[in-house]
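The lines below spell out each chain.
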Amino acid sequence: MKRGIMRSNLFPLLFAFAFLFSPVFSASDLILAKVDRRIDLTSQIVRITTSLKVENTGSDVVSEILLSFPENQAKHLAYLKATLGEGKGKAKTSSGVGLPVKAVQPNDVPPGLTIYSVSLPKGLGKGHSLTLDVLAVFTHILQPFPEKINQGDIQLLLFQESAQYLSPYAVKAQSLTLKLPEARIESYSKLENAKLQGSELKYGPYENIPPFSYLPIVIHYENNLPFAVAKELVREIEISHWGNVQITEHYEIIHAGAQSKGEFSRLDYQTRPYLRGASAFRRLVAKLPPRAHSVYYRDEIGNISTSSLWGDSRKTELEIEPRYPMFGGWKTAFTIGYGLPLQDFLFGLDGKRFLNISFGAPIYELVIDTIFVKVVLPEGSKDISVSVPFPVKEWQERKISHLDIVGRPVVVLEKNNVVPEHNEHFQVYYKFNSLSMLTEPFMLISGFFFLFVACIVYSRADISISKSSASYLAKLQWDEVQATTQLIHGIISRCLTAHDKLETSLHDLSRTGDVQACKATRKSVDSSLKDLSKELKQPLSFLQSCPQAAQILPKVEELFTKERELQEKLVLKHTTVVDGYEKKLGGREIENRIASYQQKITALRREVDDLLDLIDEI
């Protein structure tokens, strides 16, 4: 992209915006003797640190200082903190106690501005001065330009700002320093007193600036650092008074930088990841509290092994790597879980217990569009209250877990546009009776006790039906019918085995021609069948005389008849074949003589098998 094209598109809008803020308003007799601004552009989060030396030249005591932001910045403002400081400016961050800050709407303020009021701990009298350090953190304010890039392209961003400090007060002297991730810059607004030194771009000093002055600048620079944005983060903190705080965090991450276009080549990426994937990020680092244990990292598919964990007594770091590199517009979802020692985060005060733990996500430089922090308290907790150092939405739910009776109270905190500066400690206060901890063990002990008592009673009690009742006698008769039926089934099966021996002897005769051996087998089988026939008489007679066998008796009698008929046909077939061999008849003639027998035998054998299966089912 050519620099002239970029300027022609953006600067008319910015100059119109500068005209909008003409010096038509004077807030008070305050003046800013010196303003030092530092803008950090090294990540996706823009941090503006401003040191203001404020002087009161009027006669009235001033109790508040106004800060102004243009609307295009105010809608991206995620965090604002003002502290009293020494005003040294360079590389100074606000670390003291923040002063109260609130949005106000003064009269006669030019349109398109958002004004915040900083309340001073004590009034600023005539001729006195103080230094105010202001930290403003912005998200989604950097514009990818171009908006879509190929896999091998670098990511270029646009940042718009004013070289002069936009304030309701007159400024005697001010300077601006922008810290860039690299020394490479595509273009920047070359104004008077502009100087580029390595990766720092400086504007100023400017002197005697009237209120609401606005001198637009645009910086077009390279930034390939991770633009990881959590569209939603659900952070569940579950307290167990048995010694553990369990943290579970569900992330939905998107790369919010320049959109990736064209096809993705895995081969190019693996061979030259820093050239063919410069705008993608491959890993994220989570800084967990000290003594974190039982750490896991997984997604919907399952556990992800591409992670590393190390730490010492001061910190624990988890380096996680998604299943694929994250290019612009790509999304992923995963879960991180870990446990913490209870004594490090739960304390007692005035008869109450309170959890003191950090609010935001542990992942480095992560922007969170919406976060839900859920604190799951032990069952039986009451008088619950929350203390958070910034505004949040708050409500309560209830969670049913194992061995719960009425469920556990859950405090839910919701906040939008969350940055690492929000990772401050908050407190959840509640009352809890220590005897309530014995509820679950008592339930387990009672459950096992009653289970063992039930087993003892069951093993010793006689719960059978009275032996003199009609139903008990009917059951005994039916059991006897079933046993008799099984006995008949076994005898018939043995008969069929004898039939198979006859068939086998005929096959052996056709192979060896030994008629005597065949006759000997016939004689042995006849003897076995006579004995089996005698065995069948008694069980068959019992079934015929038992009323309980009325359902099964017809099938048993039919089975008995079919087996007799099958036996007769087999005997006729055997006699015919043996006679044929003794008369030295040909094989074809013997087959013709037994053909009618064979068809009948096959049909009868099928019927007998079907009857046996039917009796088994009954």
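Shown above is the structure to which this text applies.
For the structure given in this document, a descriptive report is provided here.

What counts and how
Residues numbered from 1 in each chain as written. Predicted model: local features only at pLDDT ≥ 70, side-chain atom pairs only at ≥ 80, totals over all residues. Heavy atoms only, no water. Helix = DSSP H or I, 4+ residues; strand = E, 2+ residues; numbered from the N terminus. Polar contact = N/O pair within 3.5 Å; in protein donor to acceptor, adjacent residues only side chain to side chain. Contact = heavy atoms within 4.5 Å. Buried < 20%, exposed > 50% of the residue type's maximum accessible area, 1.4 Å probe, protein only. Pairing = 2+ DSSP bridges. Expected span 1.5 Å × (residues − 1). Patch = residues over 30% accessible without salt bridge, like charges linked within 9 Å, V, L, I, M, F, W, Y side chains within 5 Å. Areas by Shrake-Rupley, 256 points an atom, 1.4 Å probe, with all protein chains shown as cover. Salt bridge = Lys/Arg side-chain N within 4 Å of Asp/Glu carboxyl O. 1 Å grid on protein atoms, 1.4 Å probe; cavity = no way out; pocket = protein on both sides within 12 Å on 5 of 7 lines; lining within 4 Å. Points joined across faces, edges and corners; volume = space filled by probe spheres on them. Nonpolar A, V, L, I, M, F, W, Y, C, P; charged D, E, K, R; others polar.

1. Regarding the side chain of D299
Reasoning step 1: Within the secondary structure, D299 is located in the loop between β20 (293–298) and β21 (307–311).
Reasoning step 2: Of note is the side chain of D299, whose polar atom sits 3.0 Å from the backbone nitrogen of I301.
Reasoning step 3: Those residues within four positions of D299 in sequence are excluded, and the remaining contacts are I304, R323, A333 and F334.

2. A short note on unusual backbone geometry
Keep in mind that most residues, glycine aside, have a negative phi and that most peptide bonds are trans.
Reasoning step 1: A cis geometry characterises the amide bond from F145 onward to P146, with omega recorded as 10°.
Reasoning step 2: Cis rather than trans, the peptide bond between G204 and P205 has omega equal to 5°.
Reasoning step 3: Its place among the elements puts P205 in strand β14 (residues 200–209).
Reasoning step 4: Of note, N193 is a non-glycine position whose phi angle comes to about 65°, a positive value.
Reasoning step 5: Although it is not a glycine, D383 sits at a positive phi angle of roughly 50°.
Reasoning step 6: Its location among the elements puts D383 in strand β27 (residues 382–387).

3. A look at the pairing of strand β3 (residues 62–70)
Reasoning step 1: Judged by how many residues are buried, β3 sits mostly within the fold: seven of nine residues are covered.
Reasoning step 2: Bridge count for β3 against strand β6 (residues 113–124) is eight bridges, and the pairing is antiparallel. Looking across to β6, one finds that S68 is bridged to I115.

4. Quick look at helix α6 (residues 515–545)
Reasoning step 1: With 31 residues, α6 ought to run about 45 Å at 1.5 Å a step, and its terminal C-alpha atoms sit 45 Å apart, in line with that.
Reasoning step 2: Every buried residue of α6 is accounted for by V515, C518, R522, V525, L529, L532, S533, L536, P539, L540 and L543.
Reasoning step 3: For α6, the secondary structure elements touched by its buried residues are α5 (470–512) and α7 (553–582).
Reasoning step 4: You can read the cap of α6 off the contacts: a side-chain oxygen lies 3.3 Å from the backbone nitrogen of Q516, and it is on D514.

5. Focus: a nonpolar patch on the surface
Reasoning step 1: On the surface, L444, F448, L451 and F452 cluster together to form a nonpolar patch covering roughly 420 Å² of accessible area.
Reasoning step 2: The residue F448 is located in helix α4 (residues 439–460) in this model.
Reasoning step 3: Under the relative-accessibility criterion, F448 is labelled partly exposed at 48%.

6. What about the layout of surface pockets?
Reasoning step 1: Considered as a void within the structure, the largest pocket measures approximately 500 Å³ in volume.
Reasoning step 2: What lines the largest pocket is a set of 19 residues, and nearest its centre among them are Y79, L80, P389, F390 and P391.
Reasoning step 3: Those elements giving two or more residues to the lining of the largest pocket turn out to be β4 (77–84) and β5 (101–104).
Reasoning step 4: The element best represented in the lining of the largest pocket is β4, accounting for six residues.
Reasoning step 5: Here the lining of the largest pocket is built from residues that sort into 13 nonpolar, two polar and four charged.
Reasoning step 6: Forming the boundary of the second largest pocket are 24 residues, of which K287, S358, A361, P362 and N423 lie nearest the centre.
Reasoning step 7: Residue classes in the lining of the second largest pocket are distributed as 15 nonpolar, four polar and five charged.

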